[in-house]
Structure formats: structure tokens, C-alpha cells
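Report on the structure
So the chains spell out like this:
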Amino acid sequence: MATPTLEKVEAESAASPYITVTFRIRRFNPEVSDTAEWQDFQIEIDPKERVLDGLHKIKWDLDGTLTFRRSCAHGICGSDAMRINGKNRLACKTLIKDINPEKPITIEAIKGLTVMKDLVVDMEPFFQAYRDVMPFLVTKGNEPTRERRQSPEDRERFDDTTKCILCAACTSSCPVFWNDGQYFGPAAIVNAHRFIFDSRDEAGEQRLEILNDKDGVWRCRTTFNCTDACPRGIEVTKAIQEVKRALITRRF
Ligand code: SF4
Ligand code: FES
């Protein structure tokens, strides 16, 4: 095999897309310490890759104890929401080049839920609020003999809120939820909205009463953090406003 010339090696290295990036990760291991600490990792990465790719490089090549959730790696499962440079994002949808890789990239667990280890939080309170709003179609009477028909206009009323992937980026960016984890939170309201405004559903009143609770929809202070955080582009604050309006008018 021909030996590559010095010029060729230099040209290839000049064309390399890789840059050195510092990931500054907030680490927490309750088996080792009661407090969390920041730890820096330097990695070589193509800036067109995603934060999730960087986390994989660290876990697979540098420190196998780094703990985080991910599954689909394509913005569908909702399992890798984290605070990246102080903002809630999905690691699998965040490109390195879009978050100023010249400075250390800070990565920490989402706020408002108990950190179990590193970037993994206890999602149970989040999912309990989701279960509490009955996120399923409720109908009375006998089972129909054909599909339940719906006009395109009626389907459109709740189209936006069908896109939720339950990542918790909205709920864990909400200052009301940070201060009081009893608040149902934006994600539960979004998923209630999805059924309240479904013309085929018959439990809208019941869901509205659940959200009329002291920990329900009236706790929202319309800060828009939730809308800004949603990786699916759902108009979360608007959905919350629509539920509030439905509670007042009882029209939905
Ligand atoms: S509304 Fe958006 S941010 Fe909130 S859980 Fe659903 S997908 Fe995630
Ligand atoms: S890993 Fe599934 S949404 Fe990011």
C-alpha cells in the first residue's frame, strides 16, 4: 500500500470537520455524595452532530458511569429532555453547532423533579399528573359498529395537542411547578386539552372539574416558558388558555 504523503495528511487534517468541545455536565450520584458537582469532558466531535452524540462519546469512551435516558434518538420518544445551556431541549434534536461550541456546553437534569442520578430524574409525579387527567377517549353507550366519524374542522380543534411526546420539557421549565410540584403542569393540561376538545369524547366536563382544582389550570401565570421549551412546537400556553376559557364558558 502506498504511503500517504505529508501534503495529503495535512490536507485531510485541514478538511477534518471535528472540533474540540467541552461538555460541562452536572453529575450526581447519591451512592457517592449528597451534592451534585460539575464535571468537564473534552471531546472531538463534528459540530453537525447532536448533543446526544456527544453524551454517547463520553459514556462509551470516557466514563461509562455517566447516566442519562434516551431511546429513539430522533425526537419521538421524549426521553432525553435536559437543560442544555440553561434551556430545556431534547439532546437528540440539538445540534452542537447551534449552541456555541466555542464555550463549554452546560448540561444538567431538568428542574422541578427529583434527580436520581446525573441527568435522570424521577418522572413519576409528572406521569401521575398525566394519568389524573384521563388521557384517553371516554364514550358512553354501546360500542359503535363502525368507526367514530369526525369532521376535519372538529379534528383541527385539538390537532396541535396531539403532537405531545411527554418529554416534560414544558412542565420542568415552569416556575410554578418548580415552586410547587403539586401543580398539574403544562403537559398534563395539554393532554387534557387533546381530549376535552375532541368531539367524540364525553368526559370533557369531568376533566375540566379535575383541572378546576387548586392545583389545576388556574395556577398558570402565563410565563410562556412552556411554549418556548416545547420541542414539538406545540402552543402550550394557548392550549392552557383554551382550557381556562372552557372552564368559564363551559363551551368546548
Ligand atoms: S407539550 Fe411539548 S414540551 Fe410539553 S411534554 Fe408535550 S412535547 Fe414535551
Ligand atoms: S431520544 Fe427519543 S426524543 Fe430524544
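Residues numbered from 1 in each chain as written. Chains lettered and ligands numbered in written order. Predicted model: local features only at pLDDT ≥ 70, side-chain atom pairs only at ≥ 80, totals over all residues.

Convention followed: UniProt positions are given in the numbering used here, feature names are shortened, and annotations may be inferred rather than shown by experiment.
Under an unreviewed UniProt entry, the name given to the chain is Fumarate reductase iron-sulfur subunit, and the source organism is Streptomyces antimicrobicus. Heading Sequence similarities (unreviewed entry) of the UniProt record for the chain holds this comment: "Belongs to the succinate dehydrogenase/fumarate reductase iron-sulfur protein family." Database annotation for the chain, UniProt heading Pathway (unreviewed entry): "Carbohydrate metabolism; tricarboxylic acid cycle."

Observations regarding the nonpolar core
Using the following cut-off: Each nonpolar core consists of buried Ala, Val, Leu, Ile, Met, Phe, Trp, Tyr and Cys residues. Their C-beta atoms, within 7 Å, join them into a set. Partly exposed residues are those whose C-beta has more than 12 but fewer than 20 other C-beta atoms within 10 Å; 20 or more makes a residue buried and 12 or fewer makes it exposed, with C-beta atoms placed from the backbone. Helix and strand assignments follow DSSP, with helices taken as H or I runs no shorter than four residues and strands as E runs no shorter than two, numbered in order from the N terminus. In this description, any two residues whose backbone-derived C-beta atoms lie within 7 Å of each other are considered to be in contact.
In this structure, Ile189 and Val243 are the most contacted members of the largest nonpolar core, which totals 60 residues. The biggest single contributor to this core is helix H6 (residues 186–196), with seven residues. In contact with Ile189, other than residues within four places in its own chain, are Phe184, Leu211, Val217, Ala239, Ile240 and Val243.

Focus: the environment of Lys97
In this structure, Lys97 sits in the loop between strand E4 (87–90) and strand E5 (105–108). Distance from Lys97 to Lys48, taken between C-alpha atoms, is 6.0 Å for residues 49 residues apart in sequence. Sequence-distant contacts of Lys97, defined by excluding residues within four places in its chain, comprise Pro47 and Lys48.

Focus: the site of ligand 1
Rules: Contact assignment follows one rule, namely that a residue is near a molecule or strand if its backbone-placed C-beta atom lies within 6 Å of it. Residue type decides the class: Asp, Glu, Lys and Arg count as charged, Ala, Val, Leu, Ile, Met, Phe, Trp, Tyr, Cys and Pro as nonpolar, and the leftover types, Gly among them, as polar.
Taken together, the neighbourhood of ligand 1 is formed by 16 residues, with Cys164, Cys167, Cys170, Ala187 and Cys230 sitting nearest. Here the element with the most residues in the shell around ligand 1 is H6; it accounts for three residues. When the residues that make up the shell around ligand 1 are grouped by side-chain class, the tally is 14 nonpolar, one polar and one charged.

A closer look at the domain arrangement of the chain
Operational definition: These domain limits were set by an automatic method or by a database of domain assignments.
Once the domains are mapped, the chain shows domain 1 (17–121) and domain 2 (124–140 + 155–249). The interface is formed by 13 residues belonging to domain 1 together with 14 residues belonging to domain 2. No other element matches the three residues that E4 contributes to the side of domain 1 that touches domain 2. Its residues placed into classes, the side of domain 1 that touches domain 2 shows six nonpolar, four polar and three charged.

Re the packing of H6 against helix H7 (residues 204–211)
Note the threshold: All axes are obtained by fitting lines to C-alpha atoms, using only the stretch in contact for helices, and the reported angles, taken between N-to-C directions, cover 0 to 180 degrees. What sets the label is the angle itself: under 35 degrees gives roughly parallel, over 145 gives roughly antiparallel, 65 to 115 gives roughly perpendicular, and the rest give oblique. Each crossing gets its handedness from the near helix: less than a right angle anticlockwise from the far helix is left-handed, clockwise is right-handed.
For the pair H6 and H7, interaxial distance at closest approach is 9 Å and the crossing angle is 160°. One finds that H6 runs roughly antiparallel with respect to H7. Classified by chirality, the crossing of H7 by H6 is left-handed. Between H6 and H7, the residues in contact are Ile189, Ala192, Phe195 and Ile196 and Gly204, Arg207, Leu208 and Leu211, respectively.

Thoughts on the sheet that holds strand E3 (residues 81–84)
Counted only if it meets this: Strands qualify as paired when DSSP identifies two bridges or more between them.
Read from one edge to the other, the open sheet built from five strands follows the order E2-E1-E5-E3-E4, with strand pairing classed as mixed. Looking along the sheet, the strands with just one partner apiece sit at the ends: strand E2 (37–45) and E4. For this sheet, the mean angle separating the axes of adjacent strands, direction not counted, is 35°. Note: strand E1 (residues 19–27) against E2, nine bridges, orientation antiparallel. The residue of E2 that forms the bridge with Ile19 is Ile45.

Some details on H6
With respect to burial, H6 is a largely interior element, 11 of its 11 residues being buried. Elements in contact with the buried residues of H6: helix H3 (124–132), H7, helix H8 (225–229) and helix H9 (236–249).

Overview of unusual backbone geometry
Unlike most non-glycine residues, Asn85 shows phi in positive territory, near 50°. Residue position: Asn85 is located in the loop between E3 and E4. Positive phi outside glycine occurs at Thr222, with the angle close to 55°. Its location among the elements puts Thr222 in the loop between H7 and H8.

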